[in-house]
Every structure is written in structure tokens, then in C-alpha cells.
Amino acid sequence: MEYRRLGRTGLQVSAIGVGTCQLRLVPETQAIDTLLKGFALGVNIVHTAPDYGTAEALVARALECTDANVIVASQGWDVPGNSTGPVSHFERLFEATCERLGTERLELYGIACIDDREAHRENVWGADGMVEFLLRMKAAGRLGGIFCTTHGSPEYVARLVTGGVFDAIMLAYNILGYHLLSYPPPPNHAIESLPRNQQEIFPLCREHDVGVMIMKPLAGGLLCASRAFPPRPGWHRTPTTKAGDILRSILVHPEVACVMPGTASIEEAEENARAGRAPIQLTGSTASHLTDVVAGLKATVCSRCGKCDSTCSQKLPVSSIFWAGLFHVHPSGAFEQPENIEYFRQHASLESVCATCPDVTCVCPDGIDIPRSLTTMHGQMLELMRHGVIAPPESQKHEIRGDAGFGARVVSADVPKVMAPGRPSSCRLRVENAGERGWLPNYPELQARVALAIFVDGTRTRTFDVTQNIHRGERWHIAFEVTPPSGVRRFELRVRLLGEHQNFSERLAPLVFSEQITVAEPRAPQPARTSFVRKFLDVIGPRAE
């Protein structure tokens, strides 16, 4: 592994780090094994956050299983609207991270997406604000370096770099120029520019000795297929590029200290870590291939620049519809998907508007065939809805389980209908708090802790605590494994909502999810012409590589 200096922190960090946002989407054992594999291959920096589900706790548990000296770069935020008061919530998050890691001193701590903190009118720069608190912790010897993450415009990021507060900064960059979370810009709003980050911000960071950490290096899965969450069949073809080549295409820039790809499987941890082996080089043929891949993606994968939105004769939010579809095709980003960016919230009709458009006026500056792409996407979204893995239109939402006071509804359930005997199968469930009572683990005086319990044929096998405050209309996600009971052909999988106010009673707990699962040996692969993938490729038709 190659190690690089992280700006004026003086820390020597591995060229490859681990982003932990996706760990909440996999079973705990897989998450910890993923981290340990990275540590064993020389990774010594991990980025995490309290709002990444249980990721911060998983990092702490993994560190208990290794002698590796790992830098944990966590981050926090405060209460929206608290523009002038003390940042008590931010301070509590800092102390909670110290407690989880069993230390009084952190090598790095940051402000999460600082541009959002300002937009939400949190106290970033004022008296008793976040910056003042971090400087105070640094002066007291409890903090080594201060960083922030940002998706701000290059002009905004430049002010952060030259302001003298931040020892390191985490920003987005990749060879595609955008990523899964790139969003259609509001009118007259400057947004991040990945090309300008490389052209302007990298040199500026070198000049001011600010360490550069890179997020979204694989574009959220747009640049290569995930090993942990294989993309579902889509209207565009996922390129057959290697993650290692893409990561090295960023590390050849000497200003970059480390890249932080989201990592959620042992295979990803190994491939990513090996990309950081010295010497880090990129051959001419590999660079040329990546250039060709990027050109092909830009002609098929919407960048959400928003320029097409005003050209649609049907007044559809075209770029937002594309964005919703990309989230559903790339399940690694499911937890980061804004609730309003669900496909059937953006395209409420079950009939494709584009398929019958009488006046096609939409234009993409990159040459994407918008009507054809959106029509194909719509068919796929209907199929995913029927399988229960994406939310249906408002009129067809799943029923609320429980009552008006304490209840929930399933948003999506990625649960195999057929499982192999004796083998664990991965399941993912997203639930919405549909009751008046909040799920509030951070307020013990309210006795409002909540858990989701897994039952296999009536036997409780796992229990997952909700670890963040989830108010009415907000969502929580669990990932778990189920091994079928021995000697059965079918079994019932159930999930119940347990509440502290009911003493976590199983008898009183609402039944949130119930499914009959068939137990059968894996079937031989079906002919390509009948497969789910083939069906959509047949609709798309042949396309030049």
C-alpha cells in the first residue's frame, strides 16, 4: 500500500480508504469482514458518520478485532435553524464518537456536508458554533485535524480551502464528471463541478497544504458494477471496467491523499485496496479505454444537468425521473435517496407518458434519446414495483400495520421468495414510521426506543434496534440474513415492530411484514431469452459498444 501525507495534518494515510455508507445495507458479519479485509491489506483510514446507520459502531467493533492503527474520520452536524446558539447536538455527536472508539482524542473529525449545514441555518461559523468547538478541541489536544465534506460549487469550496480552518477536505471527483447523487440544480443555483474540482481545487489545496480526500470515485456505481449490490437490469449498460483502474485514474493526481470508495464486500475491499499498491500508475491503453467508457456513459446515463427539463412538452421533470430510476437500478444508493425522489412520485402514472407523447420536444445536450430511454425505464420500474423492491405510487402504498399511534408500513422489501436449504440469504427491508409516536432512541426519558424483530416460523432469530430518531413519515432500513429451517419446504418470515412503551412485547407488536418463503435447491440458469435481463435488452434493442 502506498501512503501519502494528508495536508498539514501530517498524517500518513493509505492511498485507498474505506467509505462506510453502504455497510448499513449488508449483514453485520459481512460488514465487519469487509473492514477487516481492508485493514489486513494496509488500509488505515475510514470515513464514517452517525447517520450511516450502525456504520460507526461496526467500525468500532472491527477495530477491536485487529491490531492495525486505523484513522477514523467521522463527522457531525447540528440542529437546523439553530443559527446562533451553542451547538449542543454537534458536541454530543463528537463525544459519542469518542465513546464508541474508546478514546478521548480523535485524529480527525469533521463537519458533514458543510454547505448543507449553512443552508439549514446551523451555527457553523458563529460564536459557540461548530468551527469554534472543533478549534477548541484541537487546542485542548483532543483533536488532531479538522476536515469537512462538501458538494458545494468550486467558488464555495475555494473559500473553505483558503479560510485557514480546515486541515483536510473531502470532495467528489471521478473521471465521469458526475455521480449517483448529482442532482438537477435549482434555478440560479451554483452546484458542484467535478471537472473544476480537479482543475482548480486540487492545485489550490496543494498551495494551502490542505489534504484532499476523494468521495464518489466510482460515481456511486455508474462507472463499474458493484460487487456487493449488483445493479439491476437498466436502460443503460453497466461498463465492464475495473474499480482498480478507475481508482488509479484519480490517484495519479499527486494532490490526492486518498480515495474513499464505498465498500461493502470482501471482494470490493480486496480489489480497492490493491489499487493503492505502489507504484501507482495508469498505462496508456487503460487510460484510453476509460476515456471510451466515459464517452459511452455520457451518451446513455443522465448527468442531471437539468437542461432538458424546460424542453418537455408534457412538463415532466425529466432529469429528476432519470435520477429516481438510477437510484432504483443501483441499490447501493438506496439509503441516500431523498424520499421525494422515488420513481412513482416523479412519474405518478402507471402508463408511460413518453410512450404515447404526441409532441416530442425534449432535447438532451449529450444526445441521450430521452423518450426511448424513459419508456424503457418505465417498464423496468413497473417490474421492480411488482417485485416489491421499490415503492409504488401514493395510491397503491402498502397498508399501515399497527394503529395511528404506533404503526409502520413497508416501503420496499428486497427479500428472496425462494431460498436454498441450509444457506443464508440476504434480505433488506425499508420501513416508514406511519404512527404519531416517534421512534426516539436518543431521548431515553420518553421511553420511545423501537426495534424490528425477525421471526422464522414463529421463532425470533434477530432483533435490530432503531438507532436514529425516526419521526412520522421518515424511514429506517435493516439488512439481515435468513437461513431456512432444516427439513421444510416452506416457512414464514415475519417482522414485528417492538416498542419500549409496550415493554417490547411481542404479543402487542404490530406485524410489519409477512412472507411465505419457498425452500428449494437453486435452479439451473434459464435460457437468456426468458431472463429478466434479456427481456429489457430485447426492449432496448441492439446498441453499438
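One can find the structure itself at the top, above this paragraph.
Reading guide: rules and limits
- Residues numbered from 1 in each chain as written.
- Predicted model: local features only at pLDDT ≥ 70, side-chain atom pairs only at ≥ 80, totals over all residues.
- Heavy atoms only, no water.
- Helix = DSSP H or I, 4+ residues; strand = E, 2+ residues; numbered from the N terminus.
- Rg over C-alpha atoms; globule rule 2.2 N^0.38 Å.
- Buried < 20%, exposed > 50% of the residue type's maximum accessible area, 1.4 Å probe, protein only.
- Contact = heavy atoms within 4.5 Å.
- Areas by Shrake-Rupley, 256 points an atom, 1.4 Å probe, with all protein chains shown as cover.
- Lys, Arg positive; Asp, Glu negative; His and termini not counted.
- Charge placed at Lys NZ, Arg CZ, Asp CG, Glu CD.
- Pairing = 2+ DSSP bridges.
- Phe/Tyr/Trp six-rings, centres within 6.5 Å; stacked < 30°, edge-to-face > 60°.
- Salt bridge = Lys/Arg side-chain N within 4 Å of Asp/Glu carboxyl O.
- Expected span 1.5 Å × (residues − 1).
- Arc of directions from axis to C-beta.
- Axes fitted to C-alpha atoms, helices over the stretch in contact; angles between N-to-C directions.
- Parallel < 35°, antiparallel > 145°, perpendicular 65-115°, else oblique.
- Left-handed = near helix turned anticlockwise from the far one by under 90°.
- Nonpolar A, V, L, I, M, F, W, Y, C, P; charged D, E, K, R; others polar.
- Core = buried A, V, L, I, M, F, W, Y, C linked by side-chain atoms within 4.5 Å.

Enquirer: Got a sec to walk through the overall build of the protein? Specific residues and values, please.
Expert: Helix and strand counts for the protein come out as 14 helices and 19 strands. What you see for the protein is a C-alpha radius of gyration of 24 Å, in line with the 24 Å of a compact globule of 545 residues. Dimensions along the principal axes, computed over C-alpha positions, put the protein at roughly 60 × 60 × 45 Å. Across the 545 residues in the protein, those meeting the buried criterion constitute 54%. Once local pairs closer than 6 in sequence are excluded, the contacts in the protein between residues at least 24 apart make up 73%. Summing over all exposed atoms, the protein offers an accessible surface of approximately 23,400 Å²; the carbon and sulfur share of this is 50%. Here the protein holds 55 positive side-chain charges and 59 negative ones, and the gap between their average locations is 5 Å.

Enquirer: Pulling in residues and values, what's your account of the sheet that holds strand β18 (residues 490–499)?
Expert: Read from one edge to the other, the open sheet built from five strands follows the order β13-β19-β18-β15-β16, with strand pairing classed as mixed. Of all the strands in the sheet, just β13 (418–419) and β16 (459–465) have a single pairing partner and so form its edges. Where strand β15 (residues 450–456) lies against β18, seven bridges are found, and the strand directions are antiparallel. Bridge assignment links Ala451 to a residue of β18, and that residue is Leu498.

Enquirer: Summarise the environment of Ala190; cite the residues concerned and give the values.
Expert: Considering the arrangement of structural elements, one finds Ala190 in the loop between β8 (168–172) and α7 (194–208). Classification of Ala190 as partly exposed rests on a relative accessible area of 48%. Each C-alpha atom of the pair Ala190 and Glu155 lies 8.8 Å from the other, and the pair is 35 residues apart in sequence.

Enquirer: Pulling in residues and values, what's your account of the packing of aromatic side chains?
Expert: Throughout the structure, instances matching the rule amount to 10 aromatic pairs. Here Trp125 and Phe166 contribute two aromatic rings whose centre-to-centre distance is 6.1 Å and whose plane-to-plane angle is 80°, an arrangement assigned as edge-to-face. Of the two residues, Trp125 sits in the loop between α4 (114–119) and α5 (130–139) while Phe166 sits in the loop between α6 (154–162) and β8, which places them 41 residues apart along the sequence. In this structure Phe166 comes out as buried when scored by relative accessible area, which is 1%. Aromatic rings pair up to connect Phe90, Phe94, Tyr109 and Phe133 into one cluster.

Enquirer: Describe the pattern of salt bridges, and please don't skip the residues or the numbers.
Expert: What the rule picks out here adds up to 34 salt bridges. Between Arg5 and Asp209 there is a salt bridge, and its shortest N-O distance comes to 2.8 Å. Of this pair, Arg5 sits in strand β1 (residues 3–5) while Asp209 is found in the loop between α7 and β9 (211–215), placing the two residues 204 residues apart along the sequence. Its relative accessible area of 44% is what places Arg5 among the partly exposed residues. We note a salt bridge from Glu132 to Arg136, for which the minimum N-O separation is 3.9 Å. Of the two residues, Glu132 and Arg136 both sit in helix α5, four residues apart, roughly one turn of that helix. With relative accessibility at 32%, the residue Glu132 sits in the partly exposed group.

Enquirer: For helix α10 (residues 284–298), give the residues involved together with the corresponding values.
Expert: For α10, with 15 residues, the first-to-last C-alpha span of 21 Å sits near the 21 Å given by 1.5 Å per residue. Looking only at α10, the buried set comprises Thr286, Leu290, Val293, Val294 and Leu297. The arc that holds every buried residue of α10, seen down its axis, measures 100°, which confines them to one face. Opposite the packed face of α10, turned more than 90 degrees from it, sit the exposed residues Gly284, Ser285, Thr291, Asp292 and Ala295.

Enquirer: Summarise the packing of helix α1 (residues 28–40) against helix α9 (residues 266–274); cite the residues concerned and give the values.
Expert: In the contact formed by α1 and α9, the axes pass within 8 Å of each other and the chain directions differ by 20°. Considering the angle they form, α1 stands roughly parallel to α9. Crossing of α1 over α9 shows right-handed handedness. Side by side, α1 and α9 meet where Asp33, Thr34, Lys37 and Gly38 of the first sit next to Ile266, Ala269 and Glu270 of the second. For the contact of α1 with α9, the class distribution of residues is two nonpolar, two polar and three charged.

Enquirer: If you had to explain unusual backbone geometry to someone new, which residues and values would you point to?
Expert: The amide bond that connects Ala278 to the next residue, Pro279, takes the cis arrangement and shows omega of -5°. Along the polypeptide, Pro279 turns up in the loop between α9 and α10. Although it is not a glycine, Arg121 adopts a positive phi angle of roughly 60°. By the secondary structure assignment, Arg121 is in the loop between α4 and α5.

Enquirer: Give me the lowdown on the pairing of strand β12 (residues 407–414), citing residues and values where you can.
Expert: Among the eight residues that make up β12, seven are buried, leaving the element largely enclosed by the rest of the structure. Relative to β12, strand β11 (residues 401–402) runs antiparallel, the two being bridged by two bridges. Within the sheet, the bridge partner assigned to Gly402 lies in β12 and is Gly407. Where β11 hands over to β12, the hairpin turn is made up of four residues, counted between the paired strands. Sheet topology note: the β12/strand β14 (residues 425–433) ladder contains six bridges and is antiparallel. Bridge pairing in β14 links Val410 to Val431.

Enquirer: An account of the nonpolar core is requested, with residue identities and associated values reported.
Expert: Counting residues in hydrophobic clusters, the biggest one holds 107 residues, and the most contacted among them are Ile111, Ile169, Met213, Ile214 and Phe322. In terms of residue count, helix α11 (residues 318–329) provides more of this core than any other element does, eight residues in total. Core analysis: the second largest hydrophobic core is formed by 29 residues, Val410, Cys427, Ile470 and Leu493 among them.

Enquirer: Describe the sheet that holds strand β17 (residues 475–482), listing the residues and the values that go with them.
Expert: Sheets are built from strands that pair by backbone hydrogen bonding, the pairs being arranged parallel or antiparallel. Pairing within the open sheet is antiparallel, and its four strands lie in the order β11-β12-β14-β17. The open sheet has two edge strands with one neighbour each: β11 and β17.

Enquirer: Describe the packing of helix α3 (residues 88–101) against α5, with residues and values.
Expert: If you want to describe how two helices pack, look at the angle between their axes and the distance between the axes. As a packed pair, α3 and α5 sit with axes 10 Å apart at the nearest point and diverge in direction by 35°. Read as a crossing pair, α3 and α5 show a hand that is right-handed. Counted together, Phe90, Glu91 and Phe94 of α3 and Met130, Phe133, Leu134, Arg136 and Met137 of α5 form the full contact between these two elements. In the contact of α3 with α5, the residues fall into six nonpolar, no polar and two charged.

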